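Residue-level listing of the chains:
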Amino acid sequence: MSVETALAQLLRMIHRRALNLATLPDDERDPHYDHIRLSCCGAAEQIGQSPDKAAITANSVVEFTRAMVGIIETGRSPGAERSANRPRVESSAVWPGRPH
């Protein structure tokens with residue numbers, strides 16, 4: 001399996017998990033984050049990362065998942081529609097170096 005394929009599969013899995021977690025109350029999410037952390041840590045060790053590096057990787061994946069849940073929640077909130085008073089930010093201004 002190529003690195004690109006593995007990353008695409010990982011992102012799809014994280015996206016699915018984030019969608020599911022966003023439907024849960026905040027106080028019910030921690031066990032799910034712990035499960036993601038343990039699964040990711042085990043997988044990272046299995047591919048040869050040291051236990052310390054695997055733990056760092058797993059924590060990064062959990063934080064990324066938490067960020068995705070936050071984005072999903074923000075997008076679902078009633079005030080998420082773009083305000084007519086709030087100008088649209090040009091994507092190249094947000095991502096320097098990105099072509100117009």
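Use the structure listed above.
This report concerns the structure included in the present document. (Residues numbered from 1 in each chain as written. Predicted model: local features only at pLDDT ≥ 70, side-chain atom pairs only at ≥ 80, totals over all residues. Heavy atoms only, no water.)

## A word on the packing of aromatic side chains
For step 1, the next point in the chain: This structure, assessed with the given rule, holds zero aromatic pairs.
For step 2, the next point in the chain: For R66, the ring lying beneath its charged end belongs to Y33, and the centroid distance is 4.0 Å. (Phe/Tyr/Trp six-rings, centres within 6.5 Å; stacked < 30°, edge-to-face > 60°. Lys NZ or Arg CZ within 6 Å of the ring centre and 35° of its normal.)

## Here we look at the layout of surface pockets
For step 1, the next point in the chain: When its volume is computed, the largest pocket comes out at roughly 400 Å³.
For step 2, the next point in the chain: Mapped onto the lining of the largest pocket, the elements with two or more residues apiece are α1 (3-21), α2 (30-46) and α3 (51-76). (1 Å grid on protein atoms, 1.4 Å probe; cavity = no way out; pocket = protein on both sides within 12 Å on 5 of 7 lines; lining within 4 Å. Points joined across faces, edges and corners; volume = space filled by probe spheres on them. Helix = DSSP H or I, 4+ residues; strand = E, 2+ residues; numbered from the N terminus.)

## With respect to the environment of S39
For step 1, the next point in the chain: Of note, S39 is situated in helix α2.
For step 2, the next point in the chain: The spacing of S39 and A58 is 19 residues in sequence and 8.0 Å in space, taken between C-alpha atoms.

## Quick look at the side chain of T65
For step 1, the next point in the chain: Within the element layout of this structure, T65 appears in helix α3.
For step 2, the next point in the chain: Under the relative-accessibility criterion, T65 is labelled buried at 0%.
For step 3, the next point in the chain: Non-local contacts of T65, meaning those with residues more than four positions away in its chain, are made with I14, A18, L21, Y33 and I36. (Buried < 20%, exposed > 50% of the residue type's maximum accessible area, 1.4 Å probe, protein only. Contact = heavy atoms within 4.5 Å.)

## So, the side chain of R29
For step 1, the next point in the chain: Along the chain, R29 falls in the loop between α1 and α2.
For step 2, the next point in the chain: Reaching out from R29, the side chain makes a polar contact with the side chain of D26 at a distance of 2.9 Å.
For step 3, the next point in the chain: When residues no more than four places from it in sequence are discounted, the contact partners of R29 are L21, A22, L24, V69 and E73. (Polar contact = N/O pair within 3.5 Å; in protein donor to acceptor, adjacent residues only side chain to side chain.)

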